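If you want the building blocks of each chain, they are given just below.
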Amino acid sequence: INLEPVGFDIESISLGRALSNVDTKGHTNLIVDIESQIAIYSIFCPRNLLEFATTIPIFSENSADTIVQETQKIITYYEEKYKIKIDNVILTGNTAISPDLLKKMQEDLKKEVKIGNVGQNLTFLGGLEKEPNANFFGNAIGLALRWFQDNNIKSINLLSKLPGNQLALQYR
């Protein structure tokens with residue numbers, strides 16, 4: 001394979017970029033990226049800068065309980081140490097789409113908890129519907145958004161080299 005890397009990013013920052021929107025700006029947000037065996041916790045300040053990040057293994061049959069307990073520990077630690085309240089908890093990743101986990105976290109954490117939408121800053125042009133499992137590609141979308149921002153580009157045709165094909169993304 002002849003690949004040429006064009007950009008690298010820290011996973012937490014990439015997800016923060018993909019999940020940032022008008023509802024999260026100006027707030028302190030905890031992003032919980034839940035994968036099959038780990039949970040990545042990232043706290044962003046109101047200016048959307050990464051202030052805290054940690055990764056915790058979740059090798060447990062009761063992974064929902066483990067995730068809720070670890071999330072509460074991180075919230076308590078951060079709020080007591082920095083005297084700053086976490087406003088929102090945003091879930092993303094493979095396991096985050098579980099409605100049971102969302103409900104449990106909302107009940108136990110007593111915080112605004114929602115499932116993030118990494119495609120929220122993109123408009124799909126050309127009749128394509130949004131990918132329902134876009135959260136599986138959060139880091140790739142966050143890295144792509146960095147490229148959009150760094151190059152002051154608002155839209156791109158992803159299939160321009162194929163005759164007659166158009167799949168365009170527009171950055172909001």
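Residues numbered from 1 in each chain as written. Predicted model: local features only at pLDDT ≥ 70, side-chain atom pairs only at ≥ 80, totals over all residues. Heavy atoms only, no water.

(A) Molecular detail of the overall build of the protein chain. Along the protein chain, the regular secondary structure elements total four helices and eight strands. Along the protein chain, from the amino end to the carboxyl end, the secondary structure elements read α-β-β-β-α-β-α-β-β-α-β-β. Looking at the protein chain as a whole, 38% of its 172 residues are labelled buried. Partitioning the intrachain contacts of the protein chain with sequence separation of at least 6 by distance along the chain shows that 55% fall at a separation of at least 24. Surface summary for the protein chain: the accessible area is close to 10,300 Å², and the carbon and sulfur share equals 53%. (Helix = DSSP H or I, 4+ residues; strand = E, 2+ residues; numbered from the N terminus. Buried < 20%, exposed > 50% of the residue type's maximum accessible area, 1.4 Å probe, protein only. Contact = heavy atoms within 4.5 Å. Areas by Shrake-Rupley, 256 points an atom, 1.4 Å probe, with all protein chains shown as cover.)

(B) Local environment of the pairing of strand β2 (residues 38-44). Counting buried positions along β2 gives six out of seven residues, so the element sits mostly inside the fold. Note: strand β1 (residues 29-34) against β2, six bridges, orientation antiparallel. Looking at the pairing, Ile34 lines up with Ala39 of β2. Two successive antiparallel strands, β1 and β2, enclose a turn made up of three residues. As defined by bridge partners, β2 adjoins strand β3 (residues 50-57) across seven bridges and the pair is classed as antiparallel. Each residue of the ladder has a partner; that of Ser42, found in β3, is Ala53. The turn linking β2 back onto β3 is made up of five residues, and Asn48 within it adopts a positive phi angle of 65 degrees. (Pairing = 2+ DSSP bridges.)

(C) How the structure looks around helix α2 (residues 63-82). With 20 residues, α2 extends 28 Å from end C-alpha to end C-alpha; this agrees with the ideal 28 Å at 1.5 Å per step. All of the buried residues along α2 are Thr66, Ile67, Val68, Glu70, Thr71, Ile74, Ile75 and Tyr78. Elements that come into contact with the buried residues of α2 comprise β1, β2, β3, β4 (88-92) and α3 (99-109). Just past α2, the residue Lys83 takes up positive phi, approximately 55 degrees. (Expected span 1.5 Å × (residues − 1).)

(D) Broad picture of the environment of Asn29. Note that Asn29 resides in strand β1. Along the chain, Asn29 and Asn48 lie 19 residues apart, while their C-alpha atoms are 8.4 Å from each other. In this structure, Asn29 is in contact with Thr24, Ser42, Ile43, Phe44, Asn88 and Ile90, ignoring residues within four places of it in sequence. Here Asn88 takes part through its side chain, which lies 2.7 Å from a polar atom of the side chain of Asn29. (Polar contact = N/O pair within 3.5 Å; in protein donor to acceptor, adjacent residues only side chain to side chain.)

(E) Representation of the packing of α2 against α3. Running from N to C, α2 and α3 cross one another at 40 degrees; their axes reach a closest spacing of 10 Å. The angle between the axes of α2 and α3 places the two elements in the oblique class. Between α2 and α3 the crossing geometry is right-handed. Contact residues: α2 offers Ala64, Asp65, Ile67, Val68, Thr71, Gln72 and Ile75, while α3 offers Leu101, Lys104, Met105, Asp108 and Leu109. Across the contact of α2 with α3, the residue classes tally to seven nonpolar, two polar and three charged. (Axes fitted to C-alpha atoms, helices over the stretch in contact; angles between N-to-C directions. Parallel < 35°, antiparallel > 145°, perpendicular 65-115°, else oblique. Left-handed = near helix turned anticlockwise from the far one by under 90°. Nonpolar A, V, L, I, M, F, W, Y, C, P; charged D, E, K, R; others polar.)

(F) Main features of a nonpolar patch on the surface. Together, Ile97, Ile115, Phe136 and Phe137 make up a nonpolar patch on the protein surface, roughly 350 Å² of accessible area in all. Tracing the sequence through the fold places Phe137 in the loop between β6 (122-125) and α4 (138-150). The exposure class assigned to Phe137 is partly exposed, which follows from its relative accessible area of 48%. (Patch = residues over 30% accessible without salt bridge, like charges linked within 9 Å, V, L, I, M, F, W, Y side chains within 5 Å. Salt bridge = Lys/Arg side-chain N within 4 Å of Asp/Glu carboxyl O.)

(G) Molecular detail of the packing of aromatic side chains. The full count for this structure, using the stated rule, is two aromatic pairs. Ring plane angle 45 degrees and centroid distance 5.8 Å describe the contact between Phe52 and Tyr77, whose orientation is recorded as tilted. Within this pair, whereas Phe52 is found in strand β3, its partner Tyr77 is found in helix α2, the two being separated by 25 residues in sequence. By relative accessible area, which is 17% here, Phe52 ends up buried. Measuring from centroid to centroid gives 4.9 Å for Tyr78 and Tyr82, while their planes differ by 40 degrees, and the two rings are tilted. Remark: Tyr82 and Tyr78 occur in helix α2; sequence separation between them is four residues, near one turn of the helix. What makes Tyr78 buried here is its relative accessible area of 1%. For Lys81, the ring lying beneath its charged end belongs to Tyr82, and the centroid distance is 5.7 Å. (Phe/Tyr/Trp six-rings, centres within 6.5 Å; stacked < 30°, edge-to-face > 60°. Lys NZ or Arg CZ within 6 Å of the ring centre and 35° of its normal.)

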